Amino acid sequence: MPIWEMNKLSRIKLVSLLIAALFISACSESEPPVEIESDGPPLIPVILQTDWYAQPEHAGFYQAQELGFYEEAGFDVTIRPGANMTNVPQMVATKRVQFAVGTSDNLLMAVSRGIPLAAVFPYFQHDPQCVMVHKESGITDLKQLDGKTVMIGPGTGYVQYMQKTLGIRLQIVPLDYSLTRFLANKAFIQQCFLTNEPFYAQKNGVNAHTIPLSTSGFDPYRLIYTNGDYAKDNPELVEKFVEATRRGWEDYANGDGAAAHAAIAALNSQHTDESMNWSKNAMTQHKLIAGDEEKGEFLGRFDRQRIERMISQLGELDMLDGTIDVDKAFPLGFAD
Amino acid sequence: MFNSLKNSLFWPTIFGAILISLWYGSIALFAIPEYQLPPLHRIAEAGFEERNILLSGAGQTLIACLIGFFTSVFGGVVLSVLLASNPWAYKGVYPYILILKMTPVIVLAPIVILWAGQGLVSITIITFLICFFPIVVNTTMGLRSTDPGLVDLFKVYNGNSWQELLWLRLPAALPFFMTGLRVAAALTPIGALYGDTVAGMGSSDEAGLGFVVMIFSAQFKVPALFAAAFTACSIGFMFVGLVNLFSWWVLHKWHDAYLGDE
């Protein structure tokens, strides 16, 4: 019967039921599923929040998941893709997710603003950010971007650093995460990953040339981080997770990465074997995962000097809000 | 007069005080960190620190608002006159205007940018797309709602259709037009700010407010983000306030809605 013909008690019951249903649906943040293994101790559910849809730049994590490294370490990991999310540091800080993907410059900025984060593992020794130009434009150096229109993230560390250090001014256009304008306009310049967009540009007949943003001297790590208190209270858990992640990335880098590629292709139909193998080769070519052996870099190494350089660079740009306790922000220490 | 001013300020002040205490209360009660919900004084501090970039951003956005708004008004009125002048034009064209209105601007924006490039032109077109509909709908209704008795009177005095339009229909449509104007004024800042985030251009100190918001977001400057939001809000208020003032100036001497207040 319609609500206005019910008696008062039934109406109250119906409305309370509706409100309760609303609360329950609002409150159930998708918790990671708790799986009870019939043999052995239960796996600890953990969410790893990434910063894009499933892609080969996250392959090491998928490799670790597919080959059971996480399970062996006692974790039931949910790799959660997340594109264009600006509040991931807050999600980690409020423990809604346990681990997240990020870069060392953003991590240091967030830590300086009091967001309690701790970096635990660099999976790329160098951030694959670059600018992509048409070869015909003749641009081979970042200095030549002065006065040009560039599609790049406004206000980000590398943009501010590039402009200040090289003494150039860019006309910044917000990212639209597509290649349409680049393909249509030979003078168009955009920010992208060394491991991704150039492949699609070449496929569409464009002679693309990339300039890594790290050539400006601003060279962040790509890393995973967790909540600072979580790292302090559960150091063995964090170390186990990091070790499993390292195994995954090592296996991916030294092998053919087939397991990870299969998982990524299943989640994101945009990626084919061809595109993912190209990405993997680009990672090797640009020495992203294990870095430059000659400089003493290896997979999973945090170099304290590089971190301190980044802190002083960010300080020069006025992007920090106070001092940073480096040992607190990097609880697993610096390997040599 | 001062009595009514006092009255109209009293309740908002009381409610404002309640809101402020709720703000600080929840921060204290739930131990909300600054990067989730900054306290108001921190927002004011950040606003002061970033005042240069906020002011230049507000200026840029205001310019985009004004250009977008006047383009919408002009285009909207022209469109309305065309639609109202011919019943077949109305029946034929209006559905397509509806289709344009129903397509979300978020979907149209990339297409606009592809054709019009980055910068003020695209932002103006996006603002136009958001604002023109209320103006067209209201003005067309106004133009078609002229008292038929007066229309007949014009015919009796041998007025041609141009004179009818200029001296009868347009003035009679003014109140309707003003309503559309006020709605469009409220929507214009949204258009300009959204346009900024997709079609904006500039180095950090030439940016509009939408751009500034993106920069603060990238740098985790949460109190500054809130300050930018408040700045955007005040631009909206200023804009709507100006239009309301204009509306009062045009109509207050003769329209029932205003005469009734006294």
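About the thresholds
Residues numbered from 1 in each chain as written. Chains lettered and ligands numbered in written order. Predicted model: local features only at pLDDT ≥ 70, side-chain atom pairs only at ≥ 80, totals over all residues. Heavy atoms only, no water. Pairing = 2+ DSSP bridges. Helix = DSSP H or I, 4+ residues; strand = E, 2+ residues; numbered from the N terminus. Axes fitted to C-alpha atoms, helices over the stretch in contact; angles between N-to-C directions. Parallel < 35°, antiparallel > 145°, perpendicular 65-115°, else oblique. Left-handed = near helix turned anticlockwise from the far one by under 90°. Contact = heavy atoms within 4.5 Å. Nonpolar A, V, L, I, M, F, W, Y, C, P; charged D, E, K, R; others polar. Buried area = accessible area lost by both parts, 1.4 Å probe. Salt bridge = Lys/Arg side-chain N within 4 Å of Asp/Glu carboxyl O. Polar contact = N/O pair within 3.5 Å; in protein donor to acceptor, adjacent residues only side chain to side chain.

Asks: Any details on the sheet that holds strand 9 (residues 208–212) of chain A? Residues and values, ideally.
Replies: Residue and element names in this part refer to chain A. Here we have five strands laid out as an open sheet, ordered 7-6-8-5-9, and mixed in their pairing. At either margin of the open sheet sits one strand with a lone partner, and together these are strand 7 (171–173) and strand 9. Each strand axis lies, on average, 35° off the axis of its neighbour in the sheet, ignoring direction. Direction of pairing for strand 5 (residues 129–134) relative to strand 8 (residues 189–193): antiparallel, over a ladder of four bridges. The residue of strand 8 that forms the bridge with C130 is C192.

Asks: I'd like to hear about the packing of helix 8 (residues 161–199) of chain B against helix 10 (residues 222–251) of chain B, residue by residue, with values.
Replies: Residue and element names in this part refer to chain B. For the pair helix 8 and helix 10, interaxial distance at closest approach is 9 Å and the crossing angle is 165°. By the angle class used here, helix 8 and helix 10 are roughly antiparallel. Helix 10 is crossed by helix 8, and the crossing has right-handed handedness. Judged by residue contacts, L174, P175, M178, L181, R182, A185, A186, T188, P189 and L193 of helix 8 engage A232, G236, F239, V240, V243, N244, F246, S247, V250 and L251 from helix 10. Residue composition of the contact of helix 8 with helix 10, grouped by class: 15 nonpolar, four polar and one charged.

Asks: Help me get a handle on the interface of chain A and chain B, residues and values and all.
Replies: With 27 residues of chain A at the contact, the number on the chain B side is 24 residues. Carbon and sulfur atoms supply 57% of the area buried between chain A and chain B, which totals about 2100 Å² over both sides. Ranking the residues of chain A by area buried against chain B places A:R113, A:P154 and A:P174 at the top, with a combined share of 23%. Remark: the boundary between chain A and chain B carries zero salt bridges. Where chain A touches chain B, the interface holds four residue pairs in polar contact (both at pLDDT 80 or more). Secondary structure elements with two or more residues in the side of chain A that touches chain B: helix 4 (88–93), helix 5 (104–112), helix 6 (157–166), strand 7 and helix 7 (180–184) of chain A.

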